[in-house]
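Residue strings, one per chain:
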Amino acid sequence: MAKERIFLSAPHMSGKELSYIEKVFESNYIAPLGEYVDKFEASIKEYTGAKNALAVSNGTAALHLALRILGVNEGDDVLASTFTFIGSVNAILYQRANPVFLDSDRASWNLSPELLNKYLLECEKKPKALIVTHLYGMSADIEKIADICRVHGVYLIEDAAESLGATYKGRHTGTFGDFGIYSFNGNKILTTSGGGMLVSDNEAYIKKALFYATQAKEPFIHYEHKEYGYNYRMSNVLAAIGVAQMEVIEERVAKKREIFSWYEELLSEIEEIDFMPELPHSRGNRWLTALTFQKTDPLDVMQALESINVESRPLWKPMHMQELFKGARSYLDGTSEALYKKGLCLASSTTMSRDDVVAICDTIKNALVE
Ligand SMILES: *Cc1c(COP(=O)(O)O)cnc(C)c1O
């Protein structure tokens, strides 16, 4: 029989999820609202240090709420990392604003603070906001980026969908900007099967986000509406899963980092391989181990891994290369395109053993070009 498939990042339950869901069923608070939504928000606040949190249906919805509350509207420019997943930037289109894509730097593989600063000094029209992604769970150069945004009066939204548990100078990614978002989609470091969290130190922002996330009902007993809203709240059932998952977040980060350290140990002697760097003063969660090859075609490695039933995947195709954004402006220096063409994400499920990683590394070594 074929060996069980190893996924990039499989869901990994703590064991408490079902008992919490049972409690939800006993209370009959199945629908949105209920004590587990409050508990989940409280655990995120406690863990990340964010002052306010709102549990929502997914990370994309959290980003949409952030843009709406910051007043991003039709015709506004919104800067974003080009090297990211589409979920980071779809909400810019929901608001009919114009995305402007910025390239990464080699030091972080994330948004380049130098390019950001240069853009803001040169641009004719000041952008309203920046959405910066902490890719693959690794912190961007966020302190510098936050300073630049402050100096130029640009709102900062951190897409920390992949980086729950990652810190910069001990402070959690997602807590440097006006807003941060986390995702609990099926393949993230923690999952509620689908879900998201919006965080901000600004209490009024999160109150407003709750208003929009629950159909923008004015505070009357009858149904009164002056603005349009969304149905974006997280259900109590899923929040119960989230509470159980949060109890093991540090274990999951430690295991992801251990998996990375095994890959590093077993592959670092290969000259053509470079791993995604971790910035000084930061701790990444190493959601997915990401690397580049200098000579070997990453698709050949992917095929070899497929033959032993192991999932791997090219790095995210930068947004400025997508047909969807062919009319969008971008500010580039070739970094993300080069990384994309040479890069691969390796299986990093927290259920993996060292033997799994050894087998994967043997297969990679056999697939390298001479
Ligand atoms: C997963 C992800 C999102 C979207 O989160 P969902 O909960 O799936 O909507 C946004 N940005 C990045 C970088 C992601 O990886």
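Residues numbered from 1 in each chain as written. Predicted model: local features only at pLDDT ≥ 70, side-chain atom pairs only at ≥ 80, totals over all residues. Heavy atoms only, no water.

Chemist: I'd like to hear about the site of the ligand, residue by residue, with values.
Modeler: Taken together, 15 residues are adjacent to the ligand, and Thr-60, Asp-159, Glu-162, Ser-183 and Lys-188 come closest. Measuring from an oxygen atom of the ligand, one finds a side-chain N or O atom of Thr-60 at 2.5 Å. One of the side-chain N or O atoms of Ser-183 is found 2.7 Å from an oxygen atom in the ligand. Per-class residue counts for the shell around the ligand are two nonpolar, ten polar and three charged. (Near = heavy atom within 4 Å. Polar contact = N/O pair within 3.5 Å; in protein donor to acceptor, adjacent residues only side chain to side chain. Nonpolar A, V, L, I, M, F, W, Y, C, P; charged D, E, K, R; others polar.)

Chemist: Account for the packing of helix α5 (residues 113–122) against helix α6 (residues 142–152), with residues named and values stated.
Modeler: Two quantities define a packed helix pair, namely the angle between the helix axes and the distance between the axes. Two elements in contact, α5 and α6, have axes separated by 9 Å at closest approach and are oriented at 10°. When the axis of α5 is compared with that of α6, the two are roughly parallel. Of the residues in α6, those in contact with Pro-113, Glu-114, Leu-116, Asn-117, Leu-120 and Leu-121 of α5 are Lys-144, Ile-145, Ile-148, Cys-149 and His-152. Here the contact of α5 with α6 is built from residues that sort into seven nonpolar, two polar and two charged. (Axes fitted to C-alpha atoms, helices over the stretch in contact; angles between N-to-C directions. Helix = DSSP H or I, 4+ residues; strand = E, 2+ residues; numbered from the N terminus. Parallel < 35°, antiparallel > 145°, perpendicular 65-115°, else oblique. Contact = heavy atoms within 4.5 Å.)

Chemist: Outline the nonpolar core, listing residues and values.
Modeler: Burial of nonpolar side chains together is a common tendency in soluble globular proteins. With 43 residues, the main nonpolar core has Phe-40, Ile-44, Tyr-136, Leu-164 and Met-197 as its most contacted residues. Contributions of two or more residues to this core are made by α1 (17–27), α2 (35–48), β1 (52–56), β9 (196–200), α8 (236–246) and α9 (249–267). Of all the elements, α8 adds the most residues to this core, at seven residues. Looking at this core, you find at least three residues from each of domain 1 (17–246) and domain 2 (249–367). Setting aside its immediate chain neighbours within four residues, Phe-40 contacts Ala-55, Phe-184, Thr-192, Met-197, Met-234, Ala-239, Gly-242, Val-243 and Met-246. Counting residues in hydrophobic clusters, the runner-up holds 36 residues, among them Val-89, Ala-161, Ile-181 and Ala-216. (Core = buried A, V, L, I, M, F, W, Y, C linked by side-chain atoms within 4.5 Å. Buried < 20%, exposed > 50% of the residue type's maximum accessible area, 1.4 Å probe, protein only. Domains from an automatic or database assignment.)

Chemist: How would you summarise the sheet that holds strand β6 (residues 167–168) if you had to cite specific residues and measurements?
Modeler: Within a sheet, adjacent strands bond to each other through the backbone by hydrogen bonds, running parallel or antiparallel. Here three strands make up an open sheet; going across it, the order is β7-β6-β11 and the pairing antiparallel. Whereas interior strands pair on both sides, the edge strands pair on one side only; in this sheet they are β7 (171–172) and β11 (282–283). (Pairing = 2+ DSSP bridges.)

Chemist: Describe in detail the domain arrangement of the protein, supporting the description with residues and values.
Modeler: Each domain of the protein was delimited in the assignment, giving domain 1 (17–246) and domain 2 (249–367). Of the residues lining the interface, 48 residues belong to domain 1; the matching set on domain 2 comes to 44 residues. The junction of domain 1 with domain 2 conceals about 4100 Å² of combined surface from both sides, 65% of it contributed by carbon and sulfur atoms. Inspection of the domain 1/domain 2 interface yields one salt bridge. A salt bridge links Arg-329 to Asp-77, with the nearest nitrogen and oxygen atoms 2.9 Å apart. At the boundary of domain 1 with domain 2, the tally comes to 26 residue pairs in polar contact (both at pLDDT 80 or more). Elements supplying a minimum of two residues to the side of domain 1 that touches domain 2: β2 (77–81), β3 (98–102), α5, β6 and α8. Tallied by class, the residues present in the side of domain 1 that touches domain 2 amount to 24 nonpolar, 14 polar and ten charged. (Buried area = accessible area lost by both parts, 1.4 Å probe. Salt bridge = Lys/Arg side-chain N within 4 Å of Asp/Glu carboxyl O.)

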